[in-house]
Amino acid sequence: MNDFEQNSNDQPPSQSVERLVTKGKSVLDLCIERNKLLCVKGFIDCQIERGGDYVRVVEQMVGYIDTELQTATDRHRRKLLTELQGYAAQQLQSSPEIPV
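Residues numbered from 1 in each chain as written. Predicted model: local features only at pLDDT ≥ 70, side-chain atom pairs only at ≥ 80, totals over all residues. Heavy atoms only, no water.

A look at the packing of aromatic side chains
Between two aromatic rings, the relevant description is the distance of the centres plus the angle of the planes. The test is simple: Each Phe, Tyr or Trp ring, with Trp reduced to its six-membered ring, pairs with another whose centre is within 6.5 Å; inter-plane angles below 30 degrees give stacked pairs, above 60 give edge-to-face pairs, and intermediate values give tilted ones. The criterion is that NZ of a Lys, or CZ of an Arg, lies within 6 Å of the ring centre and within 35 degrees of the ring normal, and then a charge sits over that ring.
Inspection of every chain in the model, using the stated rule, returns zero aromatic pairs. The side chain of K41 reaches across the aromatic face of Y87, ending 5.1 Å from its centre. Positioned over the ring face of Y54 is R50, at 3.9 Å from the centre of the ring.

A word on the side chain of Q91
What counts, and what does not: Secondary structure elements are defined from DSSP: runs of H or I of at least 4 residues count as helices, runs of E of at least 2 residues count as strands, and each element is numbered from the N terminus. Contacts are residue-level and defined by heavy atoms, with any inter-residue pair within 4.5 Å sufficient.
You can see Q91 is positioned in helix α4 (residues 75-94). Each residue touching Q91, except ones within four places of it in the same chain, is listed here: I44, D45 and I48.

Thoughts on the nonpolar core
This is how it is decided: Residue types Ala, Val, Leu, Ile, Met, Phe, Trp, Tyr and Cys, when buried and joined through side-chain atoms within 4.5 Å, form a set referred to as a nonpolar core. Note on classification: 1.4 Å probe, protein chains only; a residue is buried when its accessible area is under 20% of the maximum for its type, exposed when over 50%, partly exposed between these limits.
Grouped together as the largest cluster of nonpolar side chains are 27 residues, with contacts concentrated most on L28, I32, V40, I44, V57, L81 and L84. A total of nine residues in this core trace back to one element, the largest contributor, which is helix α3 (residues 54-71). The contact partners of L84, leaving out residues within four places of it in the chain, are L28, I32, L37, V40, K41 and I65.

Topic: the state of the cysteines
As a reminder, the rule being used: Cysteine sulfur atoms are paired as a disulfide whenever they fall within 2.5 Å.
Taken as a whole and judged by the stated rule, the model has zero disulfides. Free of any disulfide, C31 has its nearest cysteine sulfur in C39, 4.2 Å distant.

A few points about the packing of helix α1 (residues 14-33) against α4
Note the cut-off: A fitted line through C-alpha atoms serves as each axis, taken over the contacting stretch for helices, and the angle formed by two N-to-C directions is quoted from 0 to 180°. Angular relationships are summarised with four words: roughly parallel below 35 degrees, roughly antiparallel beyond 145, roughly perpendicular across 65 to 115, and oblique for the angles in between. Should the near helix be turned counterclockwise from the far one by less than a right angle, the crossing is left-handed, whereas a clockwise turn marks it as right-handed. Think of it as three bins: nonpolar holds Ala, Val, Leu, Ile, Met, Phe, Trp, Tyr, Cys and Pro, charged holds Asp, Glu, Lys and Arg, and polar takes everything else, Gly as well.
Two elements in contact, α1 and α4, have axes whose closest approach is 10 Å; the angle formed by their N-to-C orientations is 135 degrees. Relative to α4, the element α1 is oriented oblique. Of the two possible hands of crossing, α1 and α4 adopt the one that is right-handed. On α4, the residues touching L28, D29 and I32 of α1 are R77, L80, L81 and L84. Residue classes in the contact of α1 with α4 are distributed as five nonpolar, no polar and two charged.

Some remarks on the side chain of Q47
Along the chain, the position of Q47 falls in helix α2 (residues 38-50). Look past the residues within four positions of Q47 in its chain and what remains in contact with it is L20, Y54, V55, V57 and V58.

A closer look at the packing of α3 against α4
One can describe the packing of α3 onto α4 by two numbers: an axis separation of 10 Å at closest approach and a directional angle of 150 degrees. In terms of their interaxial angle, α3 and α4 are classed as roughly antiparallel. The chirality of how α3 crosses α4 is left-handed. The residues of α4 that touch α3, namely those facing V55, V58, E59, V62, I65, D66, E68 and L69, are R77, R78, L81, T82, L84, Q85, A88 and L92. Tallied by class, the residues present in the contact of α3 with α4 amount to nine nonpolar, two polar and five charged.

Nothing here speaks to function; it is geometry throughout.
So, in structure tokens, the structure goes:
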């Protein structure tokens, strides 16, 4: 099985989850730099829709956003990160995979 094949439970292998987290962080950084959050929101929505282990990608991105918020000094960057943090939390909360 290569890093991108799914296992028998239709869940991604852990290496694929880690690569998706890395990709999500890169998309987040680029979108914040360009002041466009729609791509990150789309990425979050896509992972939530896939469900299962893909939700872990969003959970780890929320952790990354939290870390970035702690060190961000630029007011505009903090605003964008805060917006994304709220959006991701809302999507996770409304996900049927996550107990509320």
